[in-house]
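# Secondary and tertiary structure notes
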Amino acid sequence: MKKIYLFLLILLPVLVIRATGVPPLKLKRGMIITGSVQIMTGIYRLNGYDSLNRPVILITGDNITVDFNKAVLQGSIHKQLPNEFYGLALLIKGNNITLKNARISGYKVAVRADGCKNLVIENSDFSYNYRQQLHSTWQHEDVSDWMSFHHNENDEWLRYGAGIYLKDCNKTIIRNNIITGGQSALMMMRCNDGSITDNDFSFNSAIGIGMYRSSRNNILHNKLDFNVRGYSHGFYNRGQDSAGILVFEQCNENVFAYNSVTHGGDGFFLWAGQTTMDTGAGGCNDNLIEQNDFSYAPTNGVEVTFSSNGIFKNIIRNCDNGIWGGYSYNTEINNNKIIGNKAGIAFEHGQENEITDNLFDSNITAVKLWARKTQPSDWGYAQKRDTRSRNYLIFGNEFFNNNVGLDVALTDTIHYVSNKRKNNKQFYKLSENVTNIDTSDLFFTITQPDSSFQPVKVTQFKEPGTIRLPSGEKISTTIPELNFQGSRNNIRITEWGPYDFRYPILFLKKIDSNHIYYFEVLGPKGKWKIKNLPAGQAGSKDVQHISMTEGSFPSELTFQKTGTDVQLELAYTGEAFTDQFGKKQSANKSHSFSFRDFQPDINWHVNWYSWDAAHDPNKNYEHFKTVYNNKPVKSEQTKKIDYTWWGEIGKQLPADSFAIVVTGTVDVEMGLYELRVTADDLVKVFVDDKPVIDFWDVSKYKYDEDTYHHAAVQLNGKHTIRIEQVENNGYATLIFKLIPLNNKL
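Residues numbered from 1 in each chain as written. Predicted model: local features only at pLDDT ≥ 70, side-chain atom pairs only at ≥ 80, totals over all residues. Heavy atoms only, no water.

### Regarding the overall build of the protein chain
- Within the protein chain one finds three helices and 61 strands.
- Whereas a compact globule of 745 residues would reach a radius of gyration of roughly 27 Å, the protein chain reaches 28 Å, a difference of no more than 12%.
- Across its three principal directions, the C-alpha atoms of the protein chain cover 85 × 80 × 60 Å.
- Looking at the 745 residues of the protein chain, the share that counts as buried comes to 58%. (Helix = DSSP H or I, 4+ residues; strand = E, 2+ residues; numbered from the N terminus. Rg over C-alpha atoms; globule rule 2.2 N^0.38 Å. Buried < 20%, exposed > 50% of the residue type's maximum accessible area, 1.4 Å probe, protein only.)

Written as structure tokens, this is what we have:
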């Protein structure tokens with residue numbers, strides 16, 4: 001056994017492990033591992049540092065195996081909520097490093113690897129790390145929940161956290177890992193020639209696998225289900241840029257096969273990238289998307305844009321769009337089962353695409369092809385490419401039971417031949433500006449019907465079952481069993497992401513005009529009943545006519561609202577379960593779960609004002625607010641501050657350059673409350689004329705999440721709340737909520 005050296009680094013004790021053969025080690029904060037080791041089994045509660053460049057544990061060197069031996073590394077031990085988690089648990093640098101059997105939770109990023117070659121991460125669990133608190137409700141989405149993955153040149157993706165974040169890592173193997181209950185599972189930046197196999201990255205609030213400038217990777221036989229946000233069944237389906245698989249900015253020649261990617265915001269979301277948008281060159285090209293299940297996406301089962309790819313033998317059912325192919329070209333769509341979607345295939349401004357041998361069954365529209373009359377003047381792509389909608393081959397498909405078979409507008413040259421049709425309500429829906437449709441079967445006597453047709457050349461994927469990993473092992477050629485069967489109505493978004501069916505929950509489905517609340521009572525095997533509180537107090541407040549007082553799972557429950565602070569608390573007894581924060585709960589013990597809807601009675605007075613360049617709010621607030629002395633362009637009284645505008649605020653009223661002043665008086669019980677406001681662009685909130693939220697610097701507004709602001713305040717009795725909001729241009733919103741942080745039953 002070689003020596004163990006103790007160093008002092010940055011005034012902190014750092015244990016440097018350099019050799020093999022040492023006995024199992026205890027983890028310590030600041031440890032540097034430079035040799036193969038096994039970690040002593042146990043639970044290590046070690047907080048992270050403020051910087052994601054400074055890890056709790058550093059693994060560095062070459063030819064190292066670190067076996068965590070199922071040890072648990074827990075961070076942010078003084079924090080309760082996932083949006084408060086911080087720090088980096090493990091940083092890996094070097095070549096031929098293997099990390100296995102690790103359990104890491106409670107950090108902003110569990111594992112980060114920089115500049116590694118032949119890295120292996122296997123048999124580990126990086127669940128329940130950072131995730132945002134979501135602000136969209138069952139009835140109305142909140143723009144602050146939208147994410148942006150469009151840029152990552154400076155590791156912008158790290159602001160969303162990750163289970164695993166790989167940067168400049170080549171020939172990486174990620175296999176047999178679990179990441180759930182987080183925001184982003186595996187994120188890859190400039191990573192090539194890797195293999196991502198047999199992992200379960202499901203039930204995260206954003207991304208299962210994300211790739212940026214990453215090529216020639218094999219993404220095979222993974223569970224990537226329920227990576228979703230921005231969905232409320234029957235109310236809105238936005239996705240908010242969540243996806244099972246995200247492929248952004250110059251990712252080429254990757255293979256995605258045999259994955260279960262259901263119930264994602266998008267199943268598969270590919271965008272060529274800003275480089276292509278600016279120059280018209282490049283793209284995310286020659287990727288093979290074969291034999292996956294992309295069903296039940298609120299938005300698109302598969303989205304491929306500004307690129308050329310192959311989409312073969314996938315199952316795509318019950319999505320908004322089965323395949324969305326905006327500006328895609330030389331793309332082959334072959335032998336897919338496209339069933340029960342709003343649109344089976346929707347291509348805007350596509351060129352030289354082939355749609356062959358697919359089954360289109362029970363879609364509202366099977367194939368939709370169209371173009372806009374004009375292109376955005378600020379798109380370099382549109383200025384440098386021929387973006388006309390043209391030259392489609394539609395051959396050998398089956399069109400059954402669709403409302404519309406082929407809906408085409410502003411498109412030239414479609415070869416539609418040798419397709420089967422049955423029980424479609426309307427097959428052709430063609431606008432007058434559709435030209436050159438060839439429906440002659442003789443067309444296929446010509447080997448190459450049109451010199452403009454150049455099918456995509458995807459050479460990586462040979463035959464099913466022949467893909468071999470670098471280790472030589474074979475991968476299963478079947479799609480993994482779904483994590484949970486069923487259609488989109490099984491997507492239930494909580495304030496912490498998608499419900500995973502593992503813990504008891506009261507899930508609100510709707511509130512009717514008679515103030516009756518409708519719930520699903522969901523959870524593991526067990527029983528529930530309304531909880532009896534001390535001194536004989538019932539486990540409810542401001543409700544009446546509760547339909548059930550006890551039952552089993554699943555159940556449905558209703559009650560009627562009678563006041564402003566609706567509360568219901570239930571007790572669960574049954575099998576052991578893991579709660580929404582990853583904590584293990586014992587069997588046959590009473591566990592509480594509850595619902596609360598606090599809607600204080602506030603009469604809000606709202607005034608809208610227009611402003612001009614002489615009163616620019618982005619320059620001088622004191623000068624700007626003199627516009628409040630002017631006559632409002634609009635006024636109203638309301639009980640709720642929940643506004644969203646995509647254009648003008650009213651007929652013949654401004655769409656841009658306006659301000660809002662909202663005032664109201666609230667009377668509440670003594671306690672701690674959180675003021676939450678979503679505002680685009682600038683906002684100030686005052687309580688009794690004292691500022692509590694001040695976001696009046698437009699330079700700090702970069703992403704949609706920057707529209708959300710909050711502050712905790714102590715309230716007791718009557719208080720006046722004043723909100724000032726400014727809209728510069730474009731989309732506008734103002735949403736206010738007052739949330740009690742205590743005073744529960």
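### Topic: the packing of aromatic side chains
- Applying the stated criterion to the full structure yields 47 aromatic pairs.
- Judged by centre distance (5.5 Å) and plane angle (70 degrees), the rings of tryptophan 324 and tryptophan 370 are edge-to-face. Here tryptophan 324, found in strand β27 (residues 321-324), pairs with tryptophan 370, found in strand β33 (residues 365-370); they are 46 residues apart in sequence, far enough to count as distant.
- Taking the relative accessible area as the measure of exposure, tryptophan 370 reaches 18% and is therefore buried.
- With 5.5 Å between their ring centres and 75 degrees between their planes, tryptophan 604 and phenylalanine 736 make a pair best called edge-to-face. Pair noted here: tryptophan 604 is in strand β54 (residues 604-610) and phenylalanine 736 is in strand β61 (residues 732-740), with a separation of 132 residues, a long-range link. For the pair tryptophan 604 and phenylalanine 736, a shared accessibility class is recorded, and that class is buried.
- Members of the aromatic cluster, connected to one another through ring pairs, are Tyr609, Trp611, Tyr621, Phe624, Tyr628 and Trp696.
- Above the face of the tyrosine 130 ring, lysine 108 is positioned so that its terminal group lies 4.5 Å from the ring centre.
- Above the ring of tyrosine 703, the side-chain terminus of arginine 159 is found at 3.5 Å from the ring centroid. (Phe/Tyr/Trp six-rings, centres within 6.5 Å; stacked < 30°, edge-to-face > 60°. Lys NZ or Arg CZ within 6 Å of the ring centre and 35° of its normal.)

### Comments concerning the sheet that holds strand β9 (residues 103-105)
- Ordered by their spatial adjacency, three strands build an open sheet running β5-β7-β9, and the pairing between neighbours is parallel. Since the sheet does not close on itself, it has two edges, and those belong to β5 (43-45) and β9, each with one partner. Ignoring which end each strand starts from, the neighbouring axes of this sheet average 15 degrees apart.
- As judged from the three bridges shared by strand β7 (residues 72-74) and β9, these two strands associate in the parallel manner. Bridging across to β9, leucine 73 finds its partner in isoleucine 104. (Pairing = 2+ DSSP bridges. Axes fitted to C-alpha atoms, helices over the stretch in contact; angles between N-to-C directions.)

### A short note on the pairing of strand β37 (residues 411-417)
- Most of β37 sits out of view: six of its seven residues are buried.
- Pairing geometry for β37 and strand β40 (residues 435-438), over three bridges, is parallel. Bridge pairing in β40 places isoleucine 414 opposite isoleucine 437.

### Points about the confidence of the model for the protein chain
- With 91% of its residues at a pLDDT of 70 or more, the protein chain has an overall mean of 91.
- Predicted confidence for residues 1-13 stays below pLDDT 50, and this span has 26 contacts to residues more than four positions away or in other chains.
- The low-confidence segment residues 442-466, where pLDDT is below 50, has 56 contacts with residues more than four positions distant or belonging to other chains. (pLDDT = per-residue confidence, 0-100. Contact = heavy atoms within 4.5 Å.)

### Here we look at the side chain of threonine 276
- Position of threonine 276 among the secondary structure elements: in helix α1 (residues 274-279).
- Separated by 2.8 Å, the side chain of threonine 276 and the backbone oxygen of alanine 281 make a polar contact.
- When neighbours within four sequence positions are excluded, threonine 276 is seen to be in contact with Gln250, Ala281, Gly282, Gly283, Phe306 and Tyr381. (Polar contact = N/O pair within 3.5 Å; in protein donor to acceptor, adjacent residues only side chain to side chain.)

### Here we look at the pairing of β61
- β61 sits mainly inside the fold: seven of its nine residues count as buried.
- Here strand β56 (residues 642-645) pairs with β61 via four bridges, running antiparallel. Residue tyrosine 643 lies in a different strand from β61, and its bridge partner there is leucine 734.

### Observations regarding the nonpolar core
- Core analysis: the largest hydrophobic core is formed by 81 residues, its most contacted members being Phe68, Leu73, Leu99, Ile104, Phe126, Leu166 and Phe268.
- In this view, isoleucine 104 contacts Leu73, Ala89, Leu90, Ala110, Val111, Asp125, Phe126, Ser127 and Asn129; residues no more than four positions away in its chain are not counted.
- Counting 33 residues, the second-largest nonpolar core is a separate cluster that includes Ile660, Val677, Ile693 and Leu715. (Core = buried A, V, L, I, M, F, W, Y, C linked by side-chain atoms within 4.5 Å.)

### A few points about unusual backbone geometry
- Each neighbour pair has its own omega, and for phenylalanine 553 with proline 554 the value is -5 degrees, a cis peptide bond.
- Within the element layout of this structure, proline 554 appears in the loop between β48 (550-552) and β49 (555-561).
- Cis rather than trans, the peptide bond between aspartate 680 and aspartate 681 has omega equal to 20 degrees.
- Mapped onto the elements of the fold, aspartate 681 is located in the loop between β57 (658-680) and β58 (682-687).

### Considering the environment of leucine 675
- Note that leucine 675 resides in strand β57.
- Taking the C-alpha atoms as reference points, leucine 675 and isoleucine 721, separated by 46 residues in sequence, lie 9.9 Å from one another.
- If we skip the residues at most four places from it in the chain, leucine 675 touches Val685, Val687, Val692, Ile693, His709, His710, Ala711, Val713, Phe736, Lys737 and Leu738.

### Here's the deal with the sheet that holds strand β38 (residues 420-422)
- Strands sit in the order β26-β29-β32-β35-β38 across an open sheet of five strands; the sheet is parallel. Each edge of the open sheet carries a strand with a single partner, namely β26 (315-317) and β38. Neighbouring strand axes in the sheet, compared pairwise and without regard to direction, differ in orientation by 10 degrees on average.
- Here strand β35 (residues 398-400) runs beside β38; their pairing, made up of three bridges, is parallel. Counted as the bridge partner of glutamate 398 is lysine 420 from β38.

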